[in-house]
Amino acid sequence: MRRRPLLHGLAALTFVPRPGGAQAPTAPTRVLRVGPGASIGSLAEAARLARPGDRVEVQAGDYPGDVAQWTQDGLQLVAVGGPVRLRAAGRAAAGKGLFVIAGENVLVEGFEFSAAQVADGNGAGVRFERGSLHLRRCRFVDCEMGVLSNNDADARLHLEDCELAQARPGGGYSHLLYAGRIAELRLSGCWLHGGRRGHLLKSRAAINRVEYCRLIDDPRGEASYELEFPEGGDTLLLGNLIGQSLHSDNRLMLAYGTDGYPDGRTHALDLLHNTWINRLPWPGPLLRVRPGPLRLRAANNLILGPGGLALEPGWDLGGNHRASLLAGALDPALRLPPGHALSGQAVALPDGLAPPRRQYVHPAHSVALAGPALDPGALQQN
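Residues numbered from 1 in each chain as written. Predicted model: local features only at pLDDT ≥ 70, side-chain atom pairs only at ≥ 80, totals over all residues. Heavy atoms only, no water.

Q: Any details on the confidence of the model for the protein chain? Residues and values, ideally.
A: Averaged over every residue, the pLDDT of the protein chain is 91; residues scoring 70 or more account for 90%. Below a pLDDT of 50 lies the segment residues 1-26, which in the model reaches 40 contacts outside its immediate sequence neighbourhood of four places, other chains included. (pLDDT = per-residue confidence, 0-100. Contact = heavy atoms within 4.5 Å.)

Q: Would you mind going over unusual backbone geometry in detail, with residue names and values included?
A: Where the residue is not glycine, phi is negative for most of them; where a peptide bond is considered, it is trans in most cases. Going from histidine 362 to proline 363, the amide bond is cis rather than trans, its omega being 0°. Along the chain, proline 363 falls in the loop between β29 (358-361) and β30 (365-368). Phi at asparagine 105 takes a positive value of approximately 55°, unusual for a residue other than glycine. Judged by relative accessible area, which is 31%, asparagine 105 ranks as partly exposed. The phi dihedral of histidine 273 is positive, around 55°, even though this residue is not glycine. Turning to its location among the elements, histidine 273 is positioned in the loop between β23 (268-272) and β24 (275-278). (Helix = DSSP H or I, 4+ residues; strand = E, 2+ residues; numbered from the N terminus. Buried < 20%, exposed > 50% of the residue type's maximum accessible area, 1.4 Å probe, protein only.)

Q: Kindly report on the packing of aromatic side chains, identifying the contributing residues and their values.
A: Enumeration over the complete set of coordinates arrives at six aromatic pairs. Ring geometry for phenylalanine 99 versus phenylalanine 113: centroids 5.2 Å apart, planes at 75°, classification edge-to-face. With phenylalanine 99 in strand β6 (residues 97-109) and phenylalanine 113 in strand β7 (residues 111-114), this pair connects stretches of sequence that are 14 residues apart. Each member of the pair, phenylalanine 99 as well as phenylalanine 113, carries the same accessibility label: buried. When the centroid spacing of 5.0 Å and the interplanar angle of 10° are considered together, the rings of phenylalanine 113 and phenylalanine 140 count as stacked. (Phe/Tyr/Trp six-rings, centres within 6.5 Å; stacked < 30°, edge-to-face > 60°.)

Q: Account for the environment of glycine 284, naming residues and giving values.
A: Mapped onto the fold, glycine 284 is located in the loop between β24 and β25 (287-289). Ignoring anything within four residues of it in the chain, the contact list for glycine 284 reads Gly307 and Gly308.

Q: Lay out the nonpolar core with the relevant residues and their values.
A: Considering soluble globular proteins, one finds that nonpolar side chains tend to be buried as a cluster. By size, the foremost hydrophobic cluster in this structure holds 80 residues, and its most contacted members are Trp70, Phe99 and Leu159. Per-element tally for this core: the top contributor is β6, with six residues. Not counting residues up to four positions away in its chain, the partners in contact with tryptophan 70 are Leu43, Ala46, Ala47, Ala50, Val56, Leu75, Leu77, Phe99, Val100, Ile101 and Ala102. Listed in part, the 14 residues of the second largest apolar core include Ile216, Leu336, Tyr360 and Ala364. (Core = buried A, V, L, I, M, F, W, Y, C linked by side-chain atoms within 4.5 Å.)

Q: I'd like a rundown of the pattern of salt bridges, residues and numbers included.
A: As enumerated under the stated definition, the model contains 19 salt bridges in all. Residue aspartate 259 is joined to arginine 204 by a salt bridge in which the shortest nitrogen-to-oxygen separation is 3.0 Å. With aspartate 259 in the loop between β22 (254-256) and β23 and arginine 204 in the loop between β16 (201-203) and β17 (207-211), this residue pair connects regions lying 55 residues apart in the sequence. On the accessibility criterion, aspartate 259 (48% relative accessible area) is partly exposed. In this structure, a network of salt bridges that share partners links the residues Glu109, Arg136, Arg137 and Glu160. (Salt bridge = Lys/Arg side-chain N within 4 Å of Asp/Glu carboxyl O.)

Q: Describe the side chain of glutamate 129, naming the residues involved and giving the relevant values.
A: With respect to the helices and strands, the residue glutamate 129 is situated in strand β8 (residues 124-136). Here lysine 96 takes part through its side chain, which lies 2.4 Å from a polar atom of the side chain of glutamate 129. Setting aside residues no more than four positions away along its own chain, glutamate 129 makes contact with Lys96, Val100, Ile101, Ala102, Asn150 and Asp152. (Polar contact = N/O pair within 3.5 Å; in protein donor to acceptor, adjacent residues only side chain to side chain.)

So, in structure tokens, the structure goes:
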């Protein structure tokens, strides 16, 4: 893309007020427009020009090799007119990924990141180093790591309506999402699939919230665990579809506390209204939970296929059921058909546990429920 002279780009910037917010800067926010024919020709140039609080609007299209580091707080990086497709084309910002982000209150919306690959095998679509980051309606495909975070005890990461798919073989294990020792990880309405050796999701965060997502490996996928929380943490899985393929590298879908339970944090695992799909002829447990100082509560889970949650005494709050794989189990619906024996068999949750208010809709979205969640599993009939 042709780059405009720097003076021309600065002169064409538009100034608009920033919407109110507790952390909004007092100075007006600028809108930087990026793309063919715009005042700024590339993402890399926009990253150099951006100031804290700016909104960067990027025209839809292909931006091969246009990698960038973003260190400003309060940025909004937004695709306009369709997806912004950022393919690595052999390049990586700081030798780490396509975007390297280190700022508070950063939003990235409508971008597609693909083909991230670096020398150490950890090439990320987005490498999140510090601050707080919200990824909304983004897609990560064919990357060694879709999203990878540093170990920053104050960092917060939220993915909303994102797709992470087709892990690229790297030098080690390729996880679609790997959160380091950060304060909080949240996923809602996301679709993770197409693992290779690594996990669909791995997190060492102190707090984990995975809600209304689809973590079902592709028919030829080779993911190990679908989810791993190796250092425990305060973890909630609510209203998710979780499943492994016949080619899974591991018979288990979820591992918790495999590396131990660090002091100074809460270790609690709540499994509520999830649907677990096991296509392997494996009748054993689908979970691996290391003994230790943890609390586990499971209610209204639906297991399709062989195996089970293998809950210890005190973990089972009721409403957990197993059924044979339903007809059309490869279909995105994966809900109990009307009149099924398990319809309406969800139990009321005790105080302190909130029932699902939304449910996953394929692909990579969630919608509000029209009524209470009456069925076990992630999907309701209302």
